[in-house]
Amino acid sequence: MLTFLGRRLVSGLVTLLGVVVVVFFLSRLTGSPIDLFFPEGAEPEVIEAFNRAYGLDKPVIQQFGIFVSRLAHGDFGMSIWQQRPAMEAALSEMPMTLLLAAIAMAIAIAAALALGSLAAVYRFRTPDRVITILSLMTSSMPHFWFALVGILLFAVQLRVLPTSGSNSWLSWILPVATVSIGPIGVLTQVVRGAMIDVLSSGYIRNARARGISGRRIIYRHALRNAALPIISVAGDIAAGMVNGAVIVSVVFAFPGIGRSIVGAILNRDFPVLEASVVVIGLSVIILNLLIDIICMIVDPRIRLT
């Protein structure tokens with residue numbers, strides 16, 4: 001078990017290092033922060049001092065060498081935009097993103113378990129057809145489009161929800177719905193498929209023959225044995241929720257790591273962008289390790305492979 005988790009950890013760290021390297025070089029292609037921080041005709045001495053302070057006066061390869069040496073010590077330098085340590089700027093935005101993702105994931109799992117189980121019980125009948133159509137629609141619905149339609153309908157037309165911010169619980173409704181709408185559709189289909197396989201197995205037929213109630217069979221026996229694929233897919237979806245967080249930050253002006261990334265890109269704040277990518281990558285790696293551990297607990301046979 002420890003060997004397996006160690007290999008997954010090393011693989012994740014190598015992938016993260018590759019992503020950080022790509023982000024480092026691609027960010028430099030957007031131009032210099034000087035174009036944003038100084039007007040035309042600024043004094044050369046001021047520009048030179050700015051470049052020297054942030055290491056931008058050196059060739060890109062040399063900048064990369066300095067970046068790698070700092071990365072080994074967990075130092076990403078100072079934020080050009082916020083004038084504080086870059087890692088501090090990235091970590092300060094992460095709790096809101098984790099809270100948003102946790103709420104959205106809990107809602108998605110609860111809704112998917114209910115809808116997927118209902119569709120499996122009424123397979124090929126009207127409830128199953130309706131749930132299948134709705135889940136396919138939501139799983140293929142672009143987050144950005146859903147967010148804009150939500151603002152147009154509930155904020156502009158009906159005026160029951162705010163368009164931005166996070167000051168009240170009403171301002172959380174549209175961001176949470178935007179992040180969770182896609183996972184609900186995907187997980188509903190996964191739950192439906194897993195439940196159909198389990199409900200057609202021999203021990204379920206045996207339980208029905210013994211007179212066990214249908215509700216107990218579904219929630220105590222079938223869901224438990226169908227949990228493995230549901231957990232695996234839910235883990236992958238949770239790791240990819242950062243995409244929804246970025247969209248939420250842009251559309252709803254919602255605080256979080258997405259806002260930090262967008263701000264760093266617009267302001268060419270390379271240290272914050274690199275630190276944010278590392279924070280997100282480490283979060284995904286830790287989440288994947290937790291999912292592997294949960295899968296091993298649910299099905300000990302996984303340890304053999």
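Residues numbered from 1 in each chain as written. Predicted model: local features only at pLDDT ≥ 70, side-chain atom pairs only at ≥ 80, totals over all residues. Heavy atoms only, no water.

Draft legend 1. Region of interest: the overall build of the chain. Looking only at helices and strands, one finds 14 helices and zero strands in the chain. Counting helices and strands in the order they occur from the N terminus, the chain gives α-α-α-α-α-α-α-α-α-α-α-α-α-α. C-alpha atoms of the chain, sized along the principal axes, occupy 85 × 55 × 25 Å. The buried share of the chain, taken over its 305 residues, is 41%. (Helix = DSSP H or I, 4+ residues; strand = E, 2+ residues; numbered from the N terminus. Buried < 20%, exposed > 50% of the residue type's maximum accessible area, 1.4 Å probe, protein only.)

Draft legend 2. Spatial organisation of the packing of aromatic side chains. Applying the stated criterion to the full structure yields eight aromatic pairs. The interplanar angle of 35° and the centroid separation of 5.1 Å between the aromatic rings of F25 and F64 together place this pair among those described as tilted. Here F64 lies in helix α4 (residues 60-71) and F25 lies in helix α1 (residues 2-28), a separation of 39 residues in the sequence. According to the relative accessible area criterion, F25 is partly exposed, its value standing at 30%. Arranged with centres 6.4 Å apart and planes meeting at 35°, the rings of F64 and F67 form a pair that is tilted. A residue pair is termed a helical-turn pair when its members lie 3 or 4 positions apart in one helix, as F64 and F67 do in helix α4 at three residues. (Phe/Tyr/Trp six-rings, centres within 6.5 Å; stacked < 30°, edge-to-face > 60°.)

Draft legend 3. Region of interest: the side chain of S171. Its place among the elements puts S171 in the loop between α7 (143-157) and α8 (173-199). At 3.4 Å, the side chain of S171 and the backbone nitrogen of N167 are in polar contact. Of note is the side chain of S171, whose polar atom sits 2.5 Å from the backbone oxygen of S168. (Polar contact = N/O pair within 3.5 Å; in protein donor to acceptor, adjacent residues only side chain to side chain.)

Draft legend 4. Up close: unusual backbone geometry. For Q83, which is not glycine, the phi dihedral falls at a positive 55°. Positive phi, normally seen in glycine, also occurs at F124, with a value near 65°.

Draft legend 5. How the structure looks around the environment of M78. Tracing the backbone shows M78 in the loop between α4 and α5 (86-121). Aside from chain neighbours lying at most four places away, what touches M78 is Y54, Q83, R84, P85, A86 and P271. (Contact = heavy atoms within 4.5 Å.)

Draft legend 6. Expanded view of the packing of helix α11 (residues 227-239) against helix α14 (residues 270-298). Where α11 contacts α14, the two axes come as close as 10 Å, and the packing angle between them is 175°. It follows that α11 is roughly antiparallel to α14 by the angle criterion. Where α11 approaches α14, its residues A227, L228, I231, S232, G235, A238 and A239 are matched on the opposing element by V284, L287, N288, I291, I294, C295 and V298. Class assignment for the residues of the contact of α11 with α14 results in eleven nonpolar, three polar and no charged. (Axes fitted to C-alpha atoms, helices over the stretch in contact; angles between N-to-C directions. Parallel < 35°, antiparallel > 145°, perpendicular 65-115°, else oblique. Nonpolar A, V, L, I, M, F, W, Y, C, P; charged D, E, K, R; others polar.)

Draft legend 7. Layout of the pattern of salt bridges. The full count for this structure, using the stated rule, is six salt bridges. Across the salt bridge formed by D128 and R192, the nearest N and O atoms sit 2.7 Å from each other. With a gap of 64 residues between them, D128 in helix α6 (residues 126-139) and R192 in helix α8 connect regions that are remote in the sequence. The exposure class of R192 is buried, given its relative accessible area of 16%. (Salt bridge = Lys/Arg side-chain N within 4 Å of Asp/Glu carboxyl O.)

Draft legend 8. Looking closely at the nonpolar core. Of all hydrophobic cores here, the largest spans 40 residues; its most connected members are L100, L187, M195, M241 and F252. No other element matches the twelve residues that α8 contributes to this core. Beyond its immediate sequence surroundings of up to four residues, M195 is in contact with S117, A120, I218, A222, L223 and A226. (Core = buried A, V, L, I, M, F, W, Y, C linked by side-chain atoms within 4.5 Å.)

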